[in-house]
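What the coordinates show
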Amino acid sequence: MEEIIHDQELESKEYFINMGPQHPSTHGVLRLVLSLDGEIIRKVEPHLGYIHRSIEKMCEHDSYQQIVHLTDRMDYLSCHINNEAVCLAVEQALEVEVPDRVKVIRTIIDELTRLSSHQLWWGVMGMDLGAITSFLYGFRDREMITDIFEETCGARLTMNYNIPGGLFFDIHPNFQKRTKDFITYFKKKLPEYDALLSDNVIFKQRMNGIGKLSKEDAISYGVTGPTGRASGFSCDVRKHHSYMAYDRVEFKEILDTEGDCFARYKCRIAEMWESMHIIEQLIDNIPEGDYKVPTKAVIKLPKGEWYQKVETARGEFGVYIISEGQRSPYRLKFRSPGFSNLSALDHMARGCKIADLVAIMSTLDLVIPDIDR
Amino acid sequence: MDNEEIKKFILDHVAEADCVEGTQFLQVTIPSEKILPLAAELKSNETTSFDFLFCLTAVDWPDHMEVVYHLKSTTHNHQLVLKAKISTRENPEIETVCHIWRTAELHEREAYDLFGIKFLNHPDLRRLLLTDDWEGWPMRKDYDDPINMIAY
Amino acid sequence: MNWLYDFSILTQSIHESLSRNFVPGTVVLIEMILAGVAFMILFALLGLVLVYAERKVSAFFQQRLGPMRVGKWGTAQTLADVIKLLMKEPLMNKNADKFLFNLAPYIIMISAFMAMAALPFAKGLQALDFDVGLLYISAVSSLGVIGILLAGWSSDNKYSLIGALRSGAQIISYELSVGLSLLTIVVLTGSLQLSVIVESQADGWWIFRGHIPAVIAFIIFLIASTAETNRGPFDLAEAESELTAGFHTEYSGMKFAFFFLAEFANMFIVSALGATVFLGGWMPFHIGGWEAFNNIMDYIPPIVWFFGKVSFMIFMMMWFRWTFPRLRIDQLLTLEWKYLLPVNLMNILVMAFLVLMGWHF
């Protein structure tokens, strides 16, 4: 067939399409310039910066307590984890050991954040593939976590609960009960997610074998998180560089070898189960104690540099602080997981159709403010 | 491989390397001209095999520029901070490593965009986050923007 | 109330009273105008009801309430939407082909109108009763694709163009399956005239009497007609997550509303067609020989039967739409050409064999 087409030399020209910055499936202001041959993608070129706020430059003028409040504006879906990364880096530099209570609470909050992020991802993923109903289901369940957070820290989106040295407040008296209620509820609902999408024939056809990423490429592109783990790249920071209470809980690192969209999908669903498992182990065993250690009003880190990595819902988030002994860092770099994951998009999407690109982008789970910073 | 062995490995290849044992990682500073052969060796040599570049960034020091590579080996699980010192701030240039670690392509574009470090042989060195007609390199310490002043 | 069971009483009396007062030529003219107005009203009502129904059904599937603010239970929501759409500014791209751009929504509307004219709504309530009614409906309802192609081409937008071309490929392919699945039943009835098809089901609907081939044909019809109306898992022409809104990206205000209305009208038409051919149209649920049961069923007016069956079909289509993810273009064409079409052809053969042997009920 292909030879026949070649013989007749059908003339086809590449053309460009501007996908974004306003487009329903770029989830924000990502702009992709696609070179297309009919419906087949020849090249994807990301154009970034539509929501670049130069947070790194701002950090060079802010105190460490203030910096914490900027990080949740990057990956707004894993805000607690981002905040925690800065806190951990500062605590590490100050050589402060936070109380056990803080460690356990932070771990629970982290996992709740991961759950809520994956719920939103699941909903949006279904919507990107045209099953709008999943969007409502995902948000319905996410609402419960958001309520827990609202009660705990007062905010529903850009939440701030971690501060260098511990937590803003102690947990709300209802926290444990509501979290347990949520886990019981969501354990019933998660199989529904499978029933609606994972077992659907159309869905499987759309996902299987699409957007393949080999393990070598995943490492080379620095693709981390569930996306990297679906390719077989064992990159769970919680396992490899354990922080907070992750070393005392039992959980599996979800690995897959396929590296296609469906593997990434399965990875995230399995991670939701693992997150619930982690919370279950900790929620009844929150130790008594202080919820923070007192720090000075003006934190001055000693001269030196620190790198702290944590596992957000999207992958490895890193904070690189260089301090000259001042109240603000000399240089601060955020290694955001979305930025590196995005770099593999072109590699994965070449030769696919437009509809596949949407599926690939969806399984990459990009958050644009996280990429642009 | 532990830090001592890595240190020895690097000193074998780049004699003028300056190794400091940090609180977390071994920090190695080398002159920027030596980066390409060393990076290629660190990636390909089986005893080191630093295949995962998890962070690439630039730092603007008062008298020089620095490109910082955070490396990790997924097989040996050791980590290393490699710093390439560019002696000039005026027109900093360094070889690209994006054919060794592909993630470097976007990270180097970002460093070029914000610090003005020219990565030689980079396939597509353009502004990434800022508009194409932006003047100056915003993350440099001497960057002055009287219109969008950062209140302090 | 007899006219409710046989509309020809009503139409006859109108015809007679008009004939007494006007010359025959004028009578025809007035009757045509009356029928036209009746269809327009039906069209508008359909739009109002179906949009509301779609929103409520989707809300039901998504565990939410749907429109609740305008009127009791949001019943006046569609009316409010219409007013909003009327007040919107009609925008157009600078380089758009103005004539074709404005023409496209009308072509789609006209094709929907034309198809609706031949539908048998109840006993004696049918504007056009051709002897090739079925062929006519499937012919004119596929004219709508021209409107979609024009809309995509003239919009001066690549997303629109891709959407329109997808739609073209899709409708041309699925037209085959719709036609063939209807043909399966035509083999049974031996006529293309819709009124004859309905009358032939007086002893039982074809889906029950036609053995398994009729059921297969009905399923294929459901899939293919959903695809032909660009709905549900086959809404590739619009595909809001890929092509923003496909062929109608650039339309606003009332012209957009025409596309919107035409989608619902087309949904009604294919549902009515399916109901007529497979589910007996306005014919009540009869079981041959059970006189008492049949009499009770006859007590429900035919028009209720008809709209009941159509609502059932429409509900099925909405169910698809709010459950399934969208197909990809190559999967869509694979489904048609590799699965539905061969199955359909075999199905017709089996059906013809059944009819030849007289094995159907």
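The structure contained in this document is the topic of the report that follows. (Residues numbered from 1 in each chain as written. Chains lettered and ligands numbered in written order. Predicted model: local features only at pLDDT ≥ 70, side-chain atom pairs only at ≥ 80, totals over all residues. Heavy atoms only, no water.)

1. Focus on the overall build of chain B
Helices and strands together make up the secondary structure of chain B, namely three helices and seven strands. In chain B, the succession of helices and strands from N to C terminus is α-β-β-α-β-β-β-β-α-β. Taking the principal axes of its C-alpha atoms as reference, chain B extends roughly 50 × 30 × 25 Å. When burial is assessed residue by residue, chain B has 54% of its 152 residues classed as buried. A fraction of 49% describes how many contacts in chain B between residues 6 or more apart in sequence connect residues 24 or more apart. A total accessible area of about 6,900 Å² is found for chain B, and carbon and sulfur atoms account for 50% of it. Across chain B, 15 positive and 28 negative side-chain charges occur, with their mean positions spaced 1 Å apart. (Helix = DSSP H or I, 4+ residues; strand = E, 2+ residues; numbered from the N terminus. Buried < 20%, exposed > 50% of the residue type's maximum accessible area, 1.4 Å probe, protein only. Contact = heavy atoms within 4.5 Å. Areas by Shrake-Rupley, 256 points an atom, 1.4 Å probe, with all protein chains shown as cover. Lys, Arg positive; Asp, Glu negative; His and termini not counted. Charge placed at Lys NZ, Arg CZ, Asp CG, Glu CD.)

2. With respect to the pattern of salt bridges
Proximity of charged atoms lets side chains of opposite charge pair with each other. All chains considered together, the criterion is met by 53 salt bridges over all chains. Here B:Arg109 ties to B:Asp124 by a salt bridge, and the two come within 3.6 Å at their closest N and O atoms. Here B:Arg109, found in helix α3 (residues 104-115), pairs with B:Asp124, found in the segment after β7 (118-120); they are 15 residues apart in sequence, far enough to count as distant. Put simply, C:Glu263 and C:Arg231 hold a salt bridge, and the shortest N to O gap is 3.1 Å. Here C:Glu263, found in helix α12 (residues 253-278), pairs with C:Arg231, found in the loop between α10 (211-228) and α11 (240-243); they are 32 residues apart in sequence, far enough to count as distant. A relative accessible area of 0% places C:Arg231 in the buried class. (Salt bridge = Lys/Arg side-chain N within 4 Å of Asp/Glu carboxyl O.)

3. Some thoughts on the packing of helix α4 (residues 98-117) of chain C against helix α5 (residues 133-141) of chain C
Residue and element names in this part refer to chain C. Across the interface, α4 lies against α5 with an axial gap of 8 Å and an inter-helix angle of 170°. In terms of orientation, α4 lies roughly antiparallel with respect to α5. Contacts from Ser111, Met114 and Ala115 of α4 reach α5 at Tyr136, Ile137, Val140 and Ser141. Among the residues making up the contact of α4 with α5, the classes are represented as five nonpolar, two polar and no charged. (Axes fitted to C-alpha atoms, helices over the stretch in contact; angles between N-to-C directions. Parallel < 35°, antiparallel > 145°, perpendicular 65-115°, else oblique. Nonpolar A, V, L, I, M, F, W, Y, C, P; charged D, E, K, R; others polar.)

4. Let's talk about empty space enclosed by the protein
Residues and elements named next belong to chain C. In the structure shown here, the tally under the stated rule is five cavities of 30 Å³ or more. By volume, the largest cavity is sized at about 240 Å³. Lining the largest cavity we find 19 residues, and of these Ile148, Glu228, Thr229, Asn230 and Asn266 sit closest to its centre. Sorting the residues of the lining of the largest cavity by element identifies α6 (144-154) and α12 as the ones contributing at least two each. If you tally residues by element for the lining of the largest cavity, the top one is α12, at six residues. Residues belonging to the lining of the largest cavity are distributed by class as follows: nine nonpolar, seven polar and three charged. Roughly 50 Å³ of internal volume is contained in the second largest cavity. Elements represented by at least two residues in the lining of the second largest cavity include exactly α5, α7 (158-189), α10 and α12. Broken down by class, the residue content of the lining of the second largest cavity amounts to six nonpolar, two polar and two charged. (1 Å grid on protein atoms, 1.4 Å probe; cavity = no way out; pocket = protein on both sides within 12 Å on 5 of 7 lines; lining within 4 Å. Points joined across faces, edges and corners; volume = space filled by probe spheres on them.)

5. Brief notes about the state of the cysteines
For the structure shown, the criterion picks out zero disulfides over all chains. Just so you know, A:Cys235 is unpaired, no disulfide at all, and the nearest cysteine sulfur is the one on A:Cys267, 9.2 Å from it. (Disulfide = S-S within 2.5 Å.)

6. Section: the environment of C:Ala237
Residues and elements named next belong to chain C. Position of Ala237 relative to the elements: it lies in the loop between α10 and α11. Judged by relative accessible area, which is 0%, Ala237 ranks as buried. Separated by 89 residues in the primary sequence, Ala237 and Ile148 have C-alpha atoms spaced 8.9 Å apart. In this structure, Ala237 is in contact with Gly163, Ser167, Gln170, Asn230, Leu243, Ala245, Gly246 and Phe247, ignoring residues within four places of it in sequence.

7. Quick look at the layout of surface pockets
All names here are of chain C. Empty space within the largest pocket amounts to approximately 1,100 Å³. Around the largest pocket sit 31 residues that line it, and Thr11, Ala35, Leu125, Gln126 and Ala127 are the ones nearest its centre. Of all the secondary-structure elements, those providing two or more residues to the lining of the largest pocket are α1 (7-21), α2 (24-61), α8 (194-199) and α14 (302-321). By residue number, the principal contributor to the lining of the largest pocket is α2, which donates nine residues. Of the residues belonging to the lining of the largest pocket, the class tally is 21 nonpolar, six polar and four charged. Looking at the second largest pocket, its volume works out to about 870 Å³. Considering the residues around the second largest pocket, the lining is formed by 34 residues, among which Val51, Arg55, Phe256, Phe260 and Phe264 are closest to the centre. Elements represented by at least two residues in the lining of the second largest pocket include exactly α2, α3 (77-87) and α12. Among the elements that line the lining of the second largest pocket, the one with the most residues is α12, at eight residues. Partitioned by chemical class, the residues of the lining of the second largest pocket number 15 nonpolar, eight polar and eleven charged.

8. Looking at the nonpolar core
Ranked by size, the top nonpolar core spans 166 residues in total, and within it A:Trp122, A:Tyr265, A:Phe334 and B:Tyr69 carry the most contacts. Setting aside residues up to four positions removed in sequence, A:Trp122 forms contacts with A:Ser134, A:Tyr137, A:Gly138, A:Tyr193, A:Leu196, A:Leu197, A:Tyr265, A:Ile269 and A:Met272. Membership of the second largest hydrophobic core comes to 90 residues, among which are C:Ile108, C:Leu188, C:Phe264 and C:Phe278. (Core = buried A, V, L, I, M, F, W, Y, C linked by side-chain atoms within 4.5 Å.)

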